[in-house]
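So you can see what is in the structure, the chains are spelled out below.
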Amino acid sequence: MARLADLTQALKSANAGASWITFDIVFPDPGTYDAVRRSEALNPSLFARLYGVDAAGVSIYDCDQVRTIKVTIPRRTASGGPDETDFDGVQQFAPLLDVEVAGVEIPRDLL
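Residues numbered from 1 in each chain as written. Predicted model: local features only at pLDDT ≥ 70, side-chain atom pairs only at ≥ 80, totals over all residues. Heavy atoms only, no water.

1. A few points about the environment of Gly52
Line of reasoning, step 1. With respect to the helices and strands, the residue Gly52 is situated in the loop between helix H3 (44-51) and strand E4 (59-63).
Line of reasoning, step 2. Spatially, the C-alpha atom of Gly52 lies 9.7 Å from that of Pro74, the residues being 22 residues apart in sequence.
Line of reasoning, step 3. Beyond its immediate stretch of four places on either side in the chain, Gly52 contacts Phe47 and Arg76. (Helix = DSSP H or I, 4+ residues; strand = E, 2+ residues; numbered from the N terminus. Contact = heavy atoms within 4.5 Å.)

2. Concerning the sheet that holds E4
Line of reasoning, step 1. Strands sit in the order E2-E3-E5-E4 across an open sheet of four strands; the sheet is antiparallel. Here the strands that pair on one side only, and so sit at the sheet edges, are strand E2 (10-15) and E4. Strand-to-strand twist across the sheet, computed as the mean angle between neighbouring axes with direction ignored, equals 15°.
Line of reasoning, step 2. Alignment of E2 against strand E3 (residues 20-26), held across six bridges, turns out to be antiparallel. Along E3, the bridge assignment pairs Leu11 with Ile25. (Pairing = 2+ DSSP bridges. Axes fitted to C-alpha atoms, helices over the stretch in contact; angles between N-to-C directions.)

3. Some words on the nonpolar core
Line of reasoning, step 1. By size, the foremost hydrophobic cluster in this structure holds 25 residues, and its most contacted members are Leu4, Ile25, Phe47, Ile73 and Leu96.
Line of reasoning, step 2. Among the elements of the structure, helix H1 (4-7), E3, helix H2 (30-39), H3 and strand E5 (68-74) are those that each provide at least two residues to this core.
Line of reasoning, step 3. Each residue touching Ile73, except ones within four places of it in the same chain, is listed here: Ser19, Trp20, Ile21, Phe23, Phe47, Tyr51, Val53, Gly57 and Val58. (Core = buried A, V, L, I, M, F, W, Y, C linked by side-chain atoms within 4.5 Å. Buried < 20%, exposed > 50% of the residue type's maximum accessible area, 1.4 Å probe, protein only.)

Right, here's the structure in full:
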């Protein structure tokens, strides 16, 4: 089974305001992008489990023209707060790297 790290061209996270983190999951070709979308591996429940947030607050957007799935989640703590561990939100993508996606092959370009 392929991991998300094996299927993506880029996977990044960043602040989306003081209360949100956004993820850009970029795929190398339309076929891989479509296959991952159809797999429904990237869903609100996954993000709720990985990041300890309410699934109802997770938004997922398909950006077909740029082969990107964009996900926005609420931050557990405000950016810059006293218990903040990643002010810019740029390290939050790491738990997604090992997410397994059933039925999708690793693109030859990424082997």
